[in-house]
Structures are given as C-alpha cells and as structure tokens.
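Below, each chain spelled out in residue letters.
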Amino acid sequence: MSAVPAKFTGQAALAKQDEAAFDLQEYSYEPREFTDDDIVIKIECCGICGSDLHTITCGWRPDVHFPAIVGHEIVGTVVKAGAKSGHAVGARVGFGAQCSSCRKCESCAAGHENYCLNGMGGTYQGKLDSPVQPVTQGGYADYYQGPGHFAVEIPEALESAVAAPMLCAGVTVFAPLRRYGCGPGKKVAILGLGGLGHLAVQFAAALGAEVYVLSHSASKKDDALALGAKGFIVTKDEAAVLGEYKAFFDIILCTSFQEGMPLQTLYLPIIKPFGTLAVVGLPNSGIAAPGWALLGKNMVGSLIGSPADLKDMFDVAVKHGVKTWIEKRPMAEATKAVQDMHEGKARYRYVLMN
C-alpha cells in the first residue's frame with residue numbers, strides 16, 4: 001500500500017460559489033491527528049450529491065467554512081488503520097454523509113447515529129477540535145481520514161463507482177422506505193426521478209411494493225419503467241390525477257421538494273388515511289405548512305442513514321440487482337461536473353474518478 005502523504009489534496013471551493021459559474025480549485029490541507037479509531041483511505045471515486053451544491057453556494061447555511069472540499073459518497077482502499085477502527089489495510093470501504101457522533105446518547109446506543117442527540121458530524125464541514133484542520137474536508141480529493149465506525153465495506157458484487165452514490169443518495173431513500181413500511185401489498189409513489197428518485201424506485205420495488213413515479217412531465221417515463229415502476233403519473237392535470245388516484249398510496253417519498261408544490265391540493269389527498277409523505281429533499285427556503293390536507297396523514301422528514309442502514313441497504317442492492325445509473329468524470333474536472341449537475345444534465349449521478 002502507498003504511504004500516506006502529509007497533506008491531502010482535493011478540488012475545493014475557495015469561497016462561496018456562484019451557481020452560474022462554479023469554480024473549484026486544487027487545495028491541500030494537513031489532516032487532523034490520527035487516532036486508533038481512524039482509518040485513512042486512498043480515494044478511488046466520489047459521487048456528486050445535491051448537498052454538495054447547497055453547501056458551497058451557502059444555500060442551506062451562511063456559515064460555511066472555506067476553503068471547502070465537499071463530497072460524501074466516497075469509496076476507496078484503506079491505507080492506514082487504527083487498532084480500534086474495525087478495518088484492515090487493503091479493505092475497500094465507503095464513507096457516506098456522516099463521519100462522527102457522540103456514540104453515547106440514546107439514539108446512538110440504539111443504532112441511530114444519524115439522529116445523535118448531541119449532533120452528528122458531517123463527512124465535510126463537520127467541526128473538529130484540531131489546530132490544523134478546523135472542519136472535515138470531503139471526498140473530491142485523493143485521501144480521506146475518518147473514524148472507522150462510519151466506514152462500511154463495499155460488497156464485491158458492486159463496482160466502486162456504482163456503489164459510491166448509494167452511500168448518500170441510496171441510503172437516504174432506502175432508510176425511510178423501510179422504516180415507514182414499504183413492502184408487499186403497499187402502493188408507493190416516488191416523487192421526482194433524479195439521483196435519489198431513480199434509486200428509490202429500485203429499492204421500493206426490491207422491498208416488494210407496487211411502485212409508481214410522480215413527475216411533472218412524461219420525459220422520464222421509459223426510464224421509470226425500466227427501473228421497476230409499474231406506473232408513471234404525469235401530475236400537470238391535478239383534477240385528472242385526483243380522479244384516478246385519490247387516497248391511493250400508502251407512501252409517497254418526496255425526493256425533490258420544489259417551491260409551490262401542490263401539497264394540499266394533490267399530494268396529500270392521494271395518500272390513504274394514515275399513510276405517509278416522507279420528505280428527503282429539502283429546498284433552500286424550507287417547507288411551507290401543509291394545512292388541512294395533512295389531517296389523518298403523516299408527514300415526516302428523514303436524514304441519511306446509520307452505518308447499520310448502509311450495510312442493510314447494500315445487502316438488498318446485491319440481492320436484487322439495484323444499481324446506480326452513473327456517468328464517470330475525472331476528479332480534475334470537478335468544476336464542469338458540478339456545473340452540469342446544477343443544470344440537471346445528470347442521468348442520474350455523476351461520479352468523480354481518481
């Protein structure tokens with residue numbers, strides 16, 4: 001295995017980014033002190049997630065620490081392993097969107113580290129008590145260091161670039177689908193067919209549900225059916241959709257929440273009484289109150305998944321042939337890939353390759 005360099009190098013946003021012209025530059029940083037809990041991986045690839053764009057444009061929060069290397073769908077090979085890390089040099093592992101928690105609170109003890117009561121630490125922009133590295137830096141880079149507890153082994157049956165987006169996008173949809181009862185006898189709608197949605201269709205079908213896709217146009221119908229959807233519903237004519245699908249779905253998984261979405265007039269009414277609208281895609285402006293249509297329905301949010309969720313997700317993916325639809329891009333061309341992601345050109349996930 002290669003020696004670990006004194007500094008890690010990646011493609012960084014040096015300042016707040018303009019959505020019209022992203023500009024990532026090469027940047028090197030000294031990682032924090034290595035501990036017995038840690039591993040260092042030599043990064044093979046990293047998926048581009050919408051969260052990356054929200055972060056470097058300061059869309060979700062203004063207090064981003066720059067320079068910022070983003071990327072939390074990271075796959076690589078362990079080149080250094082602490083005695084308490086749970087991993088061995090040479091293993092192929094992945095880090096998703098979380099790299100720390102207190103591991104002592106009630107949530108952590110129950111295996112829900114992503115809902116740590118003392119705050120989960122992000123794979124990038126997570127605060128560190130280090131004089132050389134004030135925040136975690138992500139996977140648009142050559143190396144990554146983090147606690148082994150939050151790294152999961154990648155199954156041999158999955159190519160690294162296919163597995164990488166599952167570490168965030170995949171588990172973000174898998175965890176709520178499973179938690180809220182997706183399975184045989186259930187009718188499940190996936191709202192939005194993009195990076196998250198195309199994986200959600202596959203996982204919902206793999207879990208045994210009857211799956212539909214809700215979309216504003218018919219442009220992705222063929223893709224939806226190829227991914228395993230039974231039906232594709234164009235939502236432009238709300239009255240027609242309500243006439244056919246009122247109180248029809250047990251679960252709607254919203255993967256892309258847009259301004260002015262017809263929650264009260266369409267999406268909540270097509271959910272059965274006591275059914276669930278699970279939201280995993282948050283807009284910069286937040287979510288408006290849904291009003292009377294929420295009565296008798298559950299509207300919930302969901303945040304990524306735990307290390308146990310990741311392992312279970314990969315088991316289901318291997319068993320049922322769930323795969324990310326990807327396009328590989330060179331790591332050095334991260335700026336162009338991020339711009340294309342912002343412009344909606346991905347079908348359905350870009351993966352940066354070293």
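Whatever comes next refers back to the structure up there.
Bear in mind the structure is a predicted one, so any value in this text is a computation, not a measurement. (Residues numbered from 1 in each chain as written. Predicted model: local features only at pLDDT ≥ 70, side-chain atom pairs only at ≥ 80, totals over all residues. Heavy atoms only, no water.)

A few points about the packing of aromatic side chains
- Summed over the entire model, instances satisfying the criterion amount to 11 aromatic pairs.
- Residues Tyr212 and Phe248 carry aromatic rings whose centres are separated by 5.5 Å and whose planes lie at 85 degrees to one another, so their mutual orientation is edge-to-face. Of this pair, Tyr212 sits in strand E11 (residues 210-215) while Phe248 sits in the loop between helix H7 (238-245) and strand E13 (249-254), and the two are 36 residues apart along the sequence. As far as burial versus exposure is concerned, Tyr212 and Phe248 are alike and both buried.
- These aromatic residues form a ring-pair network of at least three members: Tyr212, Tyr245, Phe248 and Phe249.
- Above the ring of Phe248, the side-chain terminus of Lys187 is found at 5.3 Å from the ring centroid. (Phe/Tyr/Trp six-rings, centres within 6.5 Å; stacked < 30°, edge-to-face > 60°. Helix = DSSP H or I, 4+ residues; strand = E, 2+ residues; numbered from the N terminus. Buried < 20%, exposed > 50% of the residue type's maximum accessible area, 1.4 Å probe, protein only. Lys NZ or Arg CZ within 6 Å of the ring centre and 35° of its normal.)

As for helix H10 (residues 334-342)
- Among the residues making up H10, those that are buried are Ala334, Ala337, Val338, Gln339, Asp340 and Met341.
- Where H10 is buried, its residues touch strand E1 (8-13), strand E2 (24-29), helix H1 (50-56), strand E16 (326-330) and strand E17 (349-353). (Contact = heavy atoms within 4.5 Å.)

Concerning the environment of Ala157
- Structurally, Ala157 can be placed in the loop between strand E9 (151-153) and helix H3 (160-163).
- A relative accessible area of 54% means that Ala157 is categorised as exposed.

What to know about unusual backbone geometry
- Note that the residue after Phe66, namely Pro67, is joined by a cis bond; omega there is -5 degrees.
- Examined against the element boundaries, Pro67 turns out to sit in the loop between H1 and strand E4 (74-81).
- Here the bond from Arg347 into Tyr348 is cis, since omega is 5 degrees, no more than 30 degrees from zero.
- If you trace the backbone, Tyr348 turns up in the loop between H10 and E17.
- Positive phi, normally seen in glycine, also occurs at Arg103, with a value near 60 degrees.
- As for its placement among the helices and strands, Arg103 is situated in the loop between strand E6 (98-100) and helix H2 (106-109).
- Of note in this structure, Phe274 is not a glycine but carries a positive phi near 70 degrees.
- Topologically, Phe274 is positioned in strand E14 (residues 271-279).
- For Phe274, a relative accessible area of 69% gives the class exposed.

Structural notes on the nonpolar core
- The biggest cluster of nonpolar side chains holds 48 residues, and the ones touching the most others in it are Met166, Phe203 and Phe314.
- Looking at this core, the element that brings in the most residues is helix H5 (residues 197-206), giving 6 residues.
- Excluding residues within four positions of it along the chain, Met166 makes contact with Leu158, Val171, Leu199, Leu310, Met313, Phe314, Ala317, Val322, Lys323 and Thr324.
- With 38 residues, the next largest nonpolar core counts Ala12, Ile39, Phe95 and Ala337 among its residues. (Core = buried A, V, L, I, M, F, W, Y, C linked by side-chain atoms within 4.5 Å.)

Honestly, it's all geometry; don't read function into it.
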